[in-house]
Amino acid sequence: MNQRARGALSVTGVLAVAGGIAVGAAMLPEQIGVSAVSSTVSNRLPAAMAVPTLACSGPETLVVPEGGKAVSPDAGVLISALLASEGEAEAELQAEGKNFDAIRQLSESVPKTGFSVHPGTRVELENEEGQASVAGLSTWNLGPIVMTAEAGRAGDAPELAAVQSTLTAKGDLRGLSASRCDQTSGDAWLVGGGTRTGQRLRLVLSNPTASAAVVDVTVLGADGRVEAPSGDGVVVPAGGQTPLFVDALAPNQERVAVHVVARSGQVVARMHDSRLRGLVPSGVDVVSPSAEPARRQLIPGISLVNGYSRTADDPAAPGSTSVRVAVPGSEEAVVRVRLLSSSGEAEMPTPAVLNIPGGGVADVPVSGIASGTYTAVVEADVPVVAAAQIGRLGSPGRQATEFGWAPAVPALDRGGYSVLPAGSRATVSLVAAGPDSALTITPIDAEGRELKPVKVEMKKGTGSAFPLEEKTAAFRMSRPEGGPVAASLVATSTDESGTSITVLGVQPASADDVPATAVADTRVGLR
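Note that the structure is a prediction, hence the values are computed from the model and not measured.

Engineer: What is the right way to read the overall build of the protein from this model?
Structural biologist: Counting its regular elements, the protein contains one helix and 39 strands. Residues counted as buried form 59% of the 527 residues belonging to the protein. Counting contacts in the protein only where the partners sit at least 6 residues apart, residues at least 24 apart contribute 81% of the total. When the accessible surface of the protein is summed, it comes to about 19,700 Å², and 49% of that surface belongs to carbon and sulfur atoms.

This is the structure we're talking about:
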């Protein structure tokens, strides 16, 4: 069954997709098995098209290992997607996983539409010259959703972008969580989360390709690599998903970094991080991959607000902000963390220089800093990986807190499109990664119309941050002139309990990014 959406909206279309989750855990089965996507999805386009295929992981809290218990997020899983092309193009979203009527959408937050994508159906988005299509979709699919595209003529390679998000107003999973729908990869570092009491950390491996993947999962903790033999040789079926509870792999770890390496095949890896303090919700977010190990890491999107940036020097305190650094190799690292703003380096109250053992993970608290949006620069004498936890306290009189994980991102010398999580307000955070740089950000509304562009100029060693208009649904970043640029998107949503936050790295999909498919032993250097 095919459904097609059309519209006359310039050359860019924004597509909203909603994934259905029932409210109330009573409707959920105790255990939900692995779902599957048709093996034809990832191989539909000829290689000559050079168009990336994107995969969204679907509801992470509902995919559980054998014997595990699914947890309802008590809200809809939304997917906002974009297709852009200079000429005619078509995009398709398809879900052929498991169809669970018990998790069919009941949340009022999902738009009412005449379209749905669920097992056995697909939704098409056409982009003709001077036109685009917009559609809102619902789904009760459990498993990955795959987005592909095809140009109407040679030379008009379409561009795709998509983001999956969940905004929950109450319950244990209160908060805003989001992640990009990405291309598959053979090597991913997920820096964030912990496995102590009150922390729930689950890893979801999605495989939208036609071949099974075999991956090794390594966990690093504060004192070094954690022995986790059940993480070796994990099989992810073709078109399916494999979930792992990280708190079972590596229990009682205050902070972790997880390395996923494919022996064969390719996957999309995400971690869902949620916390409780007794019965009080303490935040939720999705940990997305950070930039590959390097001696210098950039983390834009360090958003500090009065009262929140001074929470505590304890990075584990509710509502706190901190920078996390992990050392993949066996040598001790000497690490320095500093913050950049639009005027240059921001002075930190305490010098942030520390030693981290090989295979270890450390958190550097960020407190006593003026309100603003910063970029963290992590410098080390050996390669490291990094991310930042951005904290938010609740409204006065409210105990609930929130957090978002900002990954380290690679510097970009190309432009492209990014999409905002549905229903959020957003700020773009950028930093000149090398020489002076200039670019243009063009916001796009939900009808595909371009809004007033913003020209950005940055000196070497400085950053820039600006809020997007309220009606912005996506934006296009031009190719930087001068040096490369690193960027993140800080998305927030506010209700009576306080502000929820999530941070997405800006990294437009590219057909030139060919993932590694075979890597040697992930434990080299850590034995």
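There's plenty left to go through after this.
Engineer: What is the right way to look at the side chain of Gln 241 in this model?
Structural biologist: Position of Gln 241 among the secondary structure elements: in strand 19 (residues 240–245). Within polar-contact distance, the side chain of Gln 241 engages the backbone oxygen of Ser 57 at 2.5 Å. Polar contacts involving the side chain of Gln 241 include one to the side chain of Ser 206, which spans 2.9 Å.

Engineer: For this particular structure, what's the right way to read the confidence of the model for the protein?
Structural biologist: Low pLDDT means the predicted coordinates in that region are not meant to be read closely. Of all residues in the protein, 76% attain a pLDDT of 70 or more, and the chain-wide mean is 80. For the stretch residues 307–311, pLDDT sits under 50, and the model shows 17 contacts to residues farther than four places along the chain or on other chains.

Engineer: Quick question: what am I supposed to make of the pattern of salt bridges here?
Structural biologist: A side chain of one charge can pair with a side chain of the opposite charge if their charged atoms are brought near each other. Counted under the stated rule, the structure contains 16 salt bridges. When the shortest N-O distance is used, the salt bridge between Glu 254 and Arg 196 registers 3.7 Å. On the criterion of sequence distance, the pair formed by Glu 254 in the loop between helix 1 (246–249) and strand 20 (257–264) and Arg 196 in the loop between strand 14 (187–191) and strand 15 (199–207) is long-range, its members being 58 residues apart. For Glu 254, a relative accessible area of 28% puts it in the partly exposed group. Arg 196 sits in the partly exposed class, given a relative accessible area of 40%. When the shortest N-O distance is used, the salt bridge between Glu 254 and Arg 255 registers 3.6 Å. Put simply, Arg 336, Arg 338, Glu 345 and Glu 379 are held in one network by salt bridges that share partners.

Engineer: Can you help me understand the state of the cysteines in this one?
Structural biologist: Cysteine pairs can be linked by a disulfide, which is a covalent bond between their two sulfur atoms. Scanning the model with the defined rule gives one disulfide in all. One disulfide in the model links Cys 56 with Cys 181; its S-S distance is 2.1 Å. Residues Cys 56 and Cys 181 are joined through a disulfide that is right-handed, its torsion about the S-S bond being 105°. With Cys 56 in strand 3 (residues 54–56) and Cys 181 in the loop between strand 13 (175–180) and strand 14, this residue pair connects regions lying 125 residues apart in the sequence. A single burial state applies to Cys 56 and to Cys 181, both of which are buried.

Engineer: Which parts of the structure should I look at to understand unusual backbone geometry?
Structural biologist: Leave glycine aside and you will find that most residues have negative phi; peptide bonds, for their part, are mostly trans. Positioned with a positive phi, Asn 252 is a non-glycine residue whose angle comes to about 60°. Checked against the element boundaries, Asn 252 lands in the loop between helix 1 and strand 20.

Engineer: Explain the pairing of strand 30 (residues 402–407) here, please?
Structural biologist: In regular strands, side chains alternate between the two faces of the sheet. Along strand 30, six of the six residues are buried, which leaves the element largely enclosed by surrounding structure. With burial as the criterion, each face of strand 30 is covered, one bearing Glu 402, Gly 404 and Ala 406 and the other bearing Phe 403, Trp 405 and Pro 407.

Engineer: Looking at this model, I keep getting lost on the sheet that holds strand 32 (residues 425–432). Mind explaining?
Structural biologist: Working definition: the strands of a sheet are paired by backbone hydrogen bonds and lie parallel or antiparallel to each other. Across the sheet, four strands lie side by side as 35-32-38-39; this open sheet has antiparallel pairing. A single partner strand is all that each edge strand has here, and the edge strands are strand 35 (463–467) and strand 39 (498–505). Strand-to-strand twist of the sheet, defined as the mean angle between neighbouring strand axes without regard to direction, takes the value 20°. Of the strand pairs in this sheet, strand 32 and strand 38 (residues 485–495) are connected by eight bridges, and their pairing is antiparallel. When the bridges of strand 38 are listed, Ser 429 appears paired with Ser 488.

Engineer: I keep staring at the environment of Glu 227 and nothing clicks. Help me out?
Structural biologist: Mapped onto the elements, Glu 227 comes out in the loop between strand 17 (224–226) and strand 18 (234–236). Residue classification places Glu 227 among the exposed positions, given a relative accessible area of 61%. For Glu 227 and Leu 249, which are 22 residues apart along the polypeptide, the C-alpha to C-alpha distance reads 8.2 Å. A polar side-chain atom of Glu 227 sits 3.3 Å from a polar atom in the side chain of Arg 225.

Engineer: Just to check I follow, could you spell out the nonpolar core for this structure?
Structural biologist: Side chains of a nonpolar character, in soluble globular proteins, are inclined to be buried together. In this structure, Leu 203, Val 217, Val 258 and Val 260 are the most contacted members of the largest nonpolar core, which totals 35 residues. Among the elements that line this core, the one with the most residues is strand 16 (residues 213–221), at five residues. When residues no more than four places from it in sequence are discounted, the contact partners of Val 217 are Leu 203, Ala 228, Gly 231, Val 234, Leu 244, Leu 249, Val 258, His 259 and Val 260.

Engineer: Any chance you could explain the sheet that holds strand 19 here in plain terms?
Structural biologist: Pairing is antiparallel in the open sheet, where four strands are placed in the order 19-15-21-22. Of all strands in the sheet, those with a lone pairing partner are strand 19 and strand 22 (280–287), marking the two edges. The sheet shows a mean angle of 15° between the axes of neighbouring strands, direction not considered.

Engineer: Would you mind going over the environment of Ser 437 with me for this structure?
Structural biologist: Residue position: Ser 437 is located in strand 33 (residues 437–445). Separated by 48 residues in the primary sequence, Ser 437 and Val 485 have C-alpha atoms spaced 7.2 Å apart. With residues near it in sequence (within four places) discarded, Ser 437 still touches Ala 432, Val 456, Glu 457, Met 458, Pro 480, Glu 481, Gly 483 and Val 485.

Rules of the game
- Residues numbered from 1 in each chain as written.
- Predicted model: local features only at pLDDT ≥ 70, side-chain atom pairs only at ≥ 80, totals over all residues.
- Heavy atoms only, no water.
- Helix = DSSP H or I, 4+ residues; strand = E, 2+ residues; numbered from the N terminus.
- Buried < 20%, exposed > 50% of the residue type's maximum accessible area, 1.4 Å probe, protein only.
- Contact = heavy atoms within 4.5 Å.
- Areas by Shrake-Rupley, 256 points an atom, 1.4 Å probe, with all protein chains shown as cover.
- Polar contact = N/O pair within 3.5 Å; in protein donor to acceptor, adjacent residues only side chain to side chain.
- pLDDT = per-residue confidence, 0-100.
- Salt bridge = Lys/Arg side-chain N within 4 Å of Asp/Glu carboxyl O.
- Disulfide = S-S within 2.5 Å.
- Pairing = 2+ DSSP bridges.
- Axes fitted to C-alpha atoms, helices over the stretch in contact; angles between N-to-C directions.
- Core = buried A, V, L, I, M, F, W, Y, C linked by side-chain atoms within 4.5 Å.

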